[in-house]
Amino acid sequence: MAFSVSKEGDRVTIRLPEVFGFSVRSDFKKATTGHSTSTSFFLDFRDVTRMDSSALGMLLLLRETSGGFYADITIANVRPDIRKLLQLANFHTLFKIQ
Amino acid sequence: MTEQECYMPEKFILQHPAIDMQHEVLFVLYNELLHTLQSCEDEYDLADIFLGLNVYVVSHFQFEEDAMLASGYDEREKHMEGHSQLRLGVGALHARFLAASSREEAREVAQAIADFLLEWLENHIAKVDRRLTQYLLEQSVQ
Ligand SMILES: [Fe+2]
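From a predicted model like this one, the values you see are computed outputs, not experimental measurements.

### Description of the overall build of chain A
Part 1 of the reasoning: In terms of regular secondary structure, chain A is built from three helices and seven strands.
Part 2 of the reasoning: If you list the helices and strands of chain A from N to C, you get β-β-β-α-β-β-α-β-α-β.
Part 3 of the reasoning: In summary, chain A has a C-alpha radius of gyration of 12 Å against a globular reference of 13 Å for 98 residues, a match within 12%.
Part 4 of the reasoning: Its C-alpha atoms put chain A at 35 × 30 × 20 Å along the principal axes.
Part 5 of the reasoning: Counting over 98 residues, chain A shows a buried share of 54%.
Part 6 of the reasoning: Taking contacts inside chain A between residues at least 6 apart in sequence as the whole, the part at least 24 apart equals 64%.
Part 7 of the reasoning: About 4400 Å² of surface is accessible on chain A, with carbon and sulfur atoms providing 50% of the total.

### A word on the packing of helix 1 (residues 17-37) of chain B against helix 2 (residues 46-71) of chain B
Between two packed helices, the angle of one axis relative to the other and the distance separating the axes together describe the packing.
Residues and elements named next belong to chain B.
Part 1 of the reasoning: One can describe the packing of helix 1 onto helix 2 by two numbers: an axis separation of 10 Å at closest approach and a directional angle of 165°. When the axis of helix 1 is compared with that of helix 2, the two are roughly antiparallel. When you trace helix 1 past helix 2, the crossing you get is left-handed. Contacts from Ala-18, Ile-19, Gln-22, His-23, Val-25, Leu-26, Leu-29, Glu-32, Leu-33, Thr-36 and Leu-37 of helix 1 reach helix 2 at Leu-46, Ile-49, Phe-50, Gly-52, Leu-53, Tyr-56, Val-57, His-60, Phe-63 and Glu-64.
Part 2 of the reasoning: Residue composition of the contact of helix 1 with helix 2, grouped by class: 14 nonpolar, five polar and two charged.

### What about the coordination of the iron ion?
All names here are of chain B.
Part 1 of the reasoning: Protein coordination of the iron ion is provided by Glu-64 (OE), His-79 (NE2), His-83 (NE2), His-124 (NE2) and Asp-129 (OD), with donor distances spanning 2.0 to 2.4 Å.
Part 2 of the reasoning: Positions of the donor residues of the iron ion along the chain correspond to the pattern E-x14-H-x3-H-x40-H-x4-D. A residue pair is termed long-range when its members are at least 10 positions apart, and Glu-64 in helix 2 and His-79 in helix 3 (residues 76-99) qualify at 15 residues.
Part 3 of the reasoning: For Glu-64, a relative accessible area of 0% puts it in the buried group.
Part 4 of the reasoning: Residue His-79 is classed as buried on the basis of its relative accessible area, which comes to 2%.

### A few points about the side chain of Ser71(B)
Residues and elements named next belong to chain B.
Part 1 of the reasoning: Along the chain, the position of Ser-71 falls in helix 2.
Part 2 of the reasoning: A polar atom in the side chain of Ser-71 sits 2.8 Å from the backbone oxygen of Ala-67.
Part 3 of the reasoning: For Ser-71, the side chain forms a polar contact with the main-chain oxygen of Met-68, separated by 3.4 Å.

### Description of the interface of chain A and chain B
Part 1 of the reasoning: Contacts between the two partners involve 25 residues from chain A and, on the opposite side, 28 residues from chain B.
Part 2 of the reasoning: Of the roughly 2500 Å² buried between chain A and chain B on both sides combined, carbon and sulfur atoms contribute 63%.
Part 3 of the reasoning: Counting every contact that joins chain A to chain B gives one salt bridge.
Part 4 of the reasoning: Of the charged contacts in the structure, one is a salt bridge between Arg25(A) and Glu32(B), with a shortest N-O distance of 2.8 Å.
Part 5 of the reasoning: Summed over the shared surface of chain A and chain B, the number is five residue pairs in polar contact (both at pLDDT 80 or more).
Part 6 of the reasoning: Considering every element that reaches the side of chain A that touches chain B, the biggest residue donor is helix 2 (residues 53-65) of chain A, with nine residues.

### Description of the pairing of strand 2 (residues 11-15) of chain A
All names here are of chain A.
Part 1 of the reasoning: Side chains Val-12 and Ile-14 of strand 2 all project onto a buried face; the interleaved residues Arg-11, Thr-13 and Arg-15 project onto a face where none is buried.
Part 2 of the reasoning: Of the strand pairs in this sheet, strand 1 (residues 4-8) and strand 2 are connected by five bridges, and their pairing is antiparallel. Bridge pairing in strand 2 links Lys-7 to Val-12.

Reading the values: the criteria
- Residues numbered from 1 in each chain as written.
- Chains lettered and ligands numbered in written order.
- Predicted model: local features only at pLDDT ≥ 70, side-chain atom pairs only at ≥ 80, totals over all residues.
- Heavy atoms only, no water.
- Helix = DSSP H or I, 4+ residues; strand = E, 2+ residues; numbered from the N terminus.
- Rg over C-alpha atoms; globule rule 2.2 N^0.38 Å.
- Buried < 20%, exposed > 50% of the residue type's maximum accessible area, 1.4 Å probe, protein only.
- Contact = heavy atoms within 4.5 Å.
- Areas by Shrake-Rupley, 256 points an atom, 1.4 Å probe, with all protein chains shown as cover.
- Axes fitted to C-alpha atoms, helices over the stretch in contact; angles between N-to-C directions.
- Parallel < 35°, antiparallel > 145°, perpendicular 65-115°, else oblique.
- Left-handed = near helix turned anticlockwise from the far one by under 90°.
- Nonpolar A, V, L, I, M, F, W, Y, C, P; charged D, E, K, R; others polar.
- Donors = N, O, S within 2.8 Å, 3.2 Å for Na, K, Ca; no water.
- Polar contact = N/O pair within 3.5 Å; in protein donor to acceptor, adjacent residues only side chain to side chain.
- Buried area = accessible area lost by both parts, 1.4 Å probe.
- Salt bridge = Lys/Arg side-chain N within 4 Å of Asp/Glu carboxyl O.
- Pairing = 2+ DSSP bridges.

What is shown is where atoms sit, not what they do.
Structure representation (structure tokens):
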């Protein structure tokens, strides 16, 4: 499954590809910038089987570009090994991970 | 993990999965800073990168400080002084960045932050964090 984006009202849903890394940086930035501050982001990780540190950087920058502490970002459908990487990076303290 | 551009020089790998991962993310943000300073395509706002760096530095330091406390590490105070130095240094430069009166000045301060950050990361990871991770690994603290 490739990178896909849909928007419904103030909610942007991004379905991330199997490999979430530097190769989608440009698509990810395009999909996540230029929205109003009330926008919420739902990041669907169901297809993600590999992720690198540049993806973690993208998530942090999304958090800042969409309101920092007040950003409304949900990371969902995460496979156990990817969840482990998010935890190693201490991201469970910064993001809602379902 | 994927095959990727190398963000963190291999000499900084300390064999502690969480601390290595967090250092790597700091290098990714450092690279985003350089990317923006070099005006590549698709750059983020410098202001957002600084906020991201601040947030993540705090989160990472908290992680290490919790691990030091939990494991009874006796160099904790000294280690935390090193963390304060970075927080203060970046905080002062960040304030200068916010007060910059021109785009040119803002970019100069951003470059100074990038240089300061790289130097600090290199010294701190190579020496101070290396001692800590060796201790944590001996204590089996992941
Ligand atoms: Fe440290």
